[in-house]
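Summary of the model geometry
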Amino acid sequence: MKMQVKFNFRLWFNHKIEIYLLIFGLFLMLFVFASVQFQNKEVIEPFEFPEMNVPEGNELNNSRIELGRRLFYDPILSLDSTISCSSCHKQAFAFADNLSVTPGVSAKLGNRNAPTLTNVGYNPTYLFDGFLTTLEKQALVPIEEHAEMNFNIVEVAKRMKRNKKYIRDAYRAYKREPDAYVITRALASFQRSLISKNSKFDQYTKGKIKLTPSEKNGMRLFYDVLYCAQCHSGYNFTNFSVQNNGLKSTSSDSGRMRVTRLEIDRDLYKVPTLRNIALTAPYMHDGRLQTLREVILHYQKGGESHINKSKVIEPFKLNESELDDLISFLNTLTDSEFIQNKKYGNPFRN
Ligand code: HEC
Ligand code: HEC
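Residues numbered from 1 in each chain as written. Chains lettered and ligands numbered in written order. Predicted model: local features only at pLDDT ≥ 70, side-chain atom pairs only at ≥ 80, totals over all residues.

Some words on the overall build of the protein
Along the protein, the regular secondary structure elements total 14 helices and two strands. With the C-alpha coordinates of the protein rotated into their principal frame, the extents come out at 100 × 55 × 30 Å. Counting only residues that meet the buried cut, the protein has 33% of its 350 residues in that class. Considering only contacts within the protein whose residues lie at least 6 apart along the sequence, 68% involve residues at least 24 apart. (Helix = DSSP H or I, 4+ residues; strand = E, 2+ residues; numbered from the N terminus. Buried ≥ 20, exposed ≤ 12 C-beta atoms within 10 Å, placed from the backbone. Contact = placed C-beta atoms within 7 Å.)

So this is what it looks like as structure tokens:
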């Protein structure tokens with residue numbers, strides 16, 4: 001035993017320098033590791049989603065969501081039973097469509113592009129005009145709109161009453177038979193369940209994955225160099241305001257002015273979310289821009305001149321690789337789980 005201690009002591013003494021060097025080396029490595037970690041720590045915190053505003057009496061529960069889901073996918077909501085909400089709001093495109101304008105009943109065309117329903121329950125206002133304030137009120141619009149379902153909600157209720165399952169499910173969800181009350185509330189409930197918060201970018205903010213250098217540079221351009229986040233801000237990449245982003249009007253649409261009749265509202269449109277933006281081409285209220293590249297080039301030239309154009313929109317210059325980087329960043333906002341989630345899928349196909 002004694003020998004052993006002595007031996008160890010000698011070993012220590014003879015190799016003192018090496019051991020000091022070893023300890024020093026370990027500290028150095030620890031320091032370098034810690035500082036790299038520090039540099040990698042991002043300014044961006046994971047997004048906090050607020051509590052959703054749900055009108056009294058329509059608190060979310062499964063029977064309401066499920067009834068709404070069925071209605072959402074059911075063409076009986078349209079005059080000739082050919083068009084459902086999902087004809088224009090398709091899960092594969094994050095509940096938008098890949099056409100500029102999707103035809104409604106009898107192939108009639110409206111003048112606006114079907115927007116995504118990603119996190120739609122958080123919107124304080126609906127439609128591009130930013131006017132209607134609840135999903136319950138909004139649900140009436142497509143049912144009655146000529147270029148959409150061209151029907152009447154009272155008639156929809158009559159059709160539902162011919163179906164035992166609808167009657168049973170309406171009682172289960174709202175303790176009453178199918179009527180306008182049930183239809184609008186159930187549709188709103190299903191749409192409030194359409195939550196997307198697990199994009200590649202969300203995973204990155206939670207430290208679960210890394211971004212490529214190109215995506216990271218795009219993030220820097222988006223948040224720090226350009227002005228995008230002045231409007232497309234926060235957890236849903238919108239400040240929910242209405243703005244003119246430099247798009248000239250066409251004869252068929254005057255934006256928010258359509259409802260307020262005020263010149264200051266001419267061609268103002270709601271700032272849309274950028275979540276799942278890679279899936280929802282074409283872009284803008286009338287789908288006039290086909291690709292994200294075209295969108296960025298639109299902003300790069302400072303938009304077109306317009307008396308109501310936001311002061312924030314100004315020209316800038318990106319080189320080709322920066323343009324690609326910004327697109328790469330926008331692509332990280334895609335949530336593939338959202339478009340594959342069976343809970344949101346067509347219940348008639350199961
Ligand atoms: C023929 C295509 C079509 C059909 C069918 C359709 N929509 Fe839409 N939807 C649109 C278009 C176009 C807009 C934008 C209209 C506008 O802003 O004036 C829109 C807007 C919306 C919005 C507003 C989203 C927002 O963020 O402001 C909601 C919610 C919505 N639709 C839900 C539904 C529901 C529920 C149904 C079925 C009852 C439905 N839609 C049927 C094309 C359609
Ligand atoms: C002044 C507010 C504002 C700023 C700043 C802004 N946008 Fe927008 N953005 C809007 C509005 C409003 C729309 C919708 C216009 C419409 O529908 O006609 C929009 C639409 C878009 C769309 C199409 C969305 C869709 O679903 O069709 C993309 C993509 C987009 N913006 C990206 C950007 C990028 C990238 C930047 C920075 C270079 C940026 N925006 C800066 C207000 C803004």
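Examining the nonpolar core
L71, I183, A186 and L187 are the most contacted members of the largest nonpolar core, which totals 37 residues. Only α3 (62-73), α4 (85-88), α5 (135-144), α6 (153-161), α7 (164-174) and α8 (180-192) provide two or more residues apiece to this core. Here this core gets six residues from one element, more than from any other, and that element is α8. Beyond its immediate sequence surroundings of up to four residues, L187 is in contact with G68, L71, F72 and A139. Core analysis: the second largest hydrophobic core is formed by 14 residues, F201, L274, V295 and F329 among them. (Core = buried A, V, L, I, M, F, W, Y, C linked by C-beta atoms within 7 Å.)

A look at the domain arrangement of the protein
Accessible area lost on assembly of the parts is the figure often given for the size of an interface. When the domains of the protein are assigned, the result is domain 1 (62-196) and domain 2 (200-337). Between the C-alpha centres of domain 1 and domain 2 the distance comes to 27 Å. Counting residues at the interface gives 22 residues for domain 1, matched by 24 residues for domain 2. In the side of domain 1 that touches domain 2, the residues fall into nine nonpolar, eleven polar and two charged. (Domains from an automatic or database assignment. Nonpolar A, V, L, I, M, F, W, Y, C, P; charged D, E, K, R; others polar.)

Describing the environment of G110
In this structure, G110 sits in the loop between α4 and α5. Placed 225 residues apart in sequence, G110 and D335 show a C-alpha to C-alpha distance of 29 Å. Setting aside its immediate chain neighbours within four residues, G110 contacts V101, G104, A147 and E148.

Considerations on the site of ligand 1
Taken together, 27 residues are adjacent to ligand 1, and C85, C88, L127, F128 and P142 come closest. Elements with a contribution of two residues or more to the shell around ligand 1: α4, α5 and α8. Ranked by residues supplied to the shell around ligand 1, first place goes to α5 with five residues. Classifying every residue of the shell around ligand 1 by side-chain character gives 17 nonpolar, eight polar and two charged. (Near = placed C-beta within 6 Å.)

Side note on α3
For α3, with twelve residues, the first-to-last C-alpha span of 17 Å sits near the 16 Å given by 1.5 Å per residue. Counting buried positions along α3 yields nine of twelve residues, so the element is predominantly enclosed. All of the buried residues in α3 are R64, I65, L67, G68, R69, R70, L71, F72 and Y73. The inward-facing, buried residues of α3 abut α4, α7 and α8. (Expected span 1.5 Å × (residues − 1).)

A look at the environment of T238
Here T238 lies in the loop between α10 (213-225) and β1 (242-243). The class of T238 is partly exposed, set by 19 C-beta atoms lying within 10 Å. Placed 30 residues apart in sequence, T238 and L268 show a C-alpha to C-alpha distance of 15 Å. Ignoring sequence-local partners within four residues, the contact set of T238 consists of C231, H232, V271, P272 and T273.

A word on the environment of N152
Assignment of secondary structure puts N152 in the loop between α5 and α6. C-alpha of N152 to C-alpha of Q230: the two residues are 78 residues apart in sequence and 40 Å apart in space.

A look at the site of ligand 2
For ligand 2, the set of nearby residues contains 26 residues, the closest of which are C228, C231, Y283, H285 and S310. At four residues, helix α12 (residues 292-300) tops the list of elements feeding residues into the shell around ligand 2. Its residues placed into classes, the shell around ligand 2 shows 19 nonpolar, seven polar and no charged.

Overview of the packing of α10 against helix α13 (residues 320-331)
One way to put it is that α10 packs onto α13 with a least axis distance of 7 Å and a crossing angle of 90°. It follows that α10 is roughly perpendicular to α13 by the angle criterion. Contacts between α10 and α13 involve S214, E215, N217, G218, M219, L221 and F222 from the first element and E322, D324, D325, L326, S328 and F329 from the second. Per-class residue counts for the contact of α10 with α13 are five nonpolar, four polar and four charged. (Axes fitted to C-alpha atoms, helices over the stretch in contact; angles between N-to-C directions. Parallel < 35°, antiparallel > 145°, perpendicular 65-115°, else oblique.)

Some thoughts on the packing of α7 against α8
Two packed helices can be described by the angle between their axes and the distance between those axes. Running from N to C, α7 and α8 cross one another at 75°; their axes reach a closest spacing of 11 Å. By the angle between their directions, the pair α7 and α8 is classed as roughly perpendicular. Listed contacts from α8 to A170, A173 and Y174 of α7 are Y181, V182, R185 and A186.

Let's talk about unusual backbone geometry
Note the cis peptide between A281 and P282, where omega equals -5°. Along the chain, P282 falls in the loop between β2 (269-270) and α12. Look at S106: it is not a glycine, yet its phi comes out positive at around 55°. Secondary-structure assignment places S106 in the loop between α4 and α5.

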